[in-house]
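Results of the structural survey
Residues per chain, in single letters:
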Amino acid sequence: MAVGIFAGIPVRDCKSAVEWYTKLFGKEPSFWPHDAEAVWQLADDRYVYVIEDAARAGGGVGMIWVDDPAAEVDRIAERGLRPVDVERHGGVCKWVFHDADGNEMGIGGETAASIEGEAAASIGGEAAAS
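Cut-offs used in this document
- Residues numbered from 1 in each chain as written.
- Predicted model: local features only at pLDDT ≥ 70, side-chain atom pairs only at ≥ 80, totals over all residues.
- Heavy atoms only, no water.
- Helix = DSSP H or I, 4+ residues; strand = E, 2+ residues; numbered from the N terminus.
- Buried < 20%, exposed > 50% of the residue type's maximum accessible area, 1.4 Å probe, protein only.
- Contact = heavy atoms within 4.5 Å.
- Areas by Shrake-Rupley, 256 points an atom, 1.4 Å probe, with all protein chains shown as cover.
- Pairing = 2+ DSSP bridges.
- Axes fitted to C-alpha atoms, helices over the stretch in contact; angles between N-to-C directions.
- Core = buried A, V, L, I, M, F, W, Y, C linked by side-chain atoms within 4.5 Å.

Summing up its helical and strand segments, the protein has three helices and eight strands in all. Element order for the protein, N to C, with α for helix and β for strand: β-α-β-β-β-β-α-β-β-β-α. Classification of the 130 residues of the protein by burial places 38% in the buried group. Pairs at least 24 residues apart make up 60% of the contacts formed inside the protein by residues separated by at least 6 positions. Total accessible area computed for the protein in this model is approximately 7000 Å², and 49% of it derives from carbon and sulfur atoms.

Set out below in C-alpha cells:
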C-alpha cells in the first residue's frame, strides 16, 4: 500500500500564515487551491496546507521528521523563527514551534545524545512574532 498525506492546519488569516510557514518550510507554497488555502509539498505524496478557518484555528499539531533536525532548526532560525521548546526522548528530539494562532509544528528526528549548537541555544525565542 502506498502512503501519502495531505495534512491541514486551520488559521485565522491565510496571508499572514503563509508568511510564517514559508519561513518554517524555507520555500513558497507549491500551489494555491483558492485564495484562503496554500499548500506546500514537502516530499513525494506528502503535503501540508494552511486553510483560513477562524473557528478551528489554533488546534493544529504536527511534526516533520527530518534526517538532521538540529541542522534544520538552525536553517529555520536563519529565516527568523525560533522554537519555543525542545522535547528529548532518548536519541530522538523534537523542536516545537508555534504559529501566530497557537498551532504547534515540530521539527524532529534522531539526534546525538547531546544537543549542541545554535538549535539548542535558540529555544525560548519568539516563534510566532517573526
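What the four strands build is an open sheet, ordered β1-β4-β3-β2; its pairing is mixed. The open sheet has two edge strands with one neighbour each: β1 (5-11) and β2 (31-34). Each strand of the sheet is rotated relative to its neighbour by a mean of 25°, with strand direction disregarded. As defined by bridge partners, strand β3 (residues 37-43) adjoins strand β4 (residues 46-52) across six bridges and the pair is classed as antiparallel. Across the sheet, residue Val39 finds its bridge partner in β4, namely Tyr49. Each of β1, β2, β3 and β4 is contacted by helix α1 (residues 14-25), which is oriented at about 15° to β3, the strand it contacts most.

Strand order in this open sheet of four strands is β5-β8-β7-β6, and the pairing throughout is mixed. Unpaired on one side and paired on the other, β5 (61-65) and β6 (85-89) mark the two borders of the sheet. Within this sheet the neighbouring strands show an average axis-to-axis angle of 25°, counted without direction. Where β6 lies against strand β7 (residues 92-98), five bridges are found, and the strand directions are antiparallel. By the bridge assignment for β7, Asp85 is matched with Val96. Each of β5, β7 and β8 (104-110) is contacted by α1, which is oriented at about 155° to β7, the strand it contacts most.

Now for the nonpolar core. Counting 25 residues, the largest nonpolar core has Tyr21, Leu24, Val50 and Phe97 as its most contacted members. Mapped onto this core, the elements with two or more residues apiece are β1, α1, β3, β4, α2 (69-78), β7 and β8. Sorting elements by how many residues they give to this core places α1 first, with seven residues. Those residues within four positions of Leu24 in sequence are excluded, and the remaining contacts are Glu72, Ile76, Arg79, Leu81, Phe97 and Met105.

As far as function goes, none of this settles anything; it's purely spatial.
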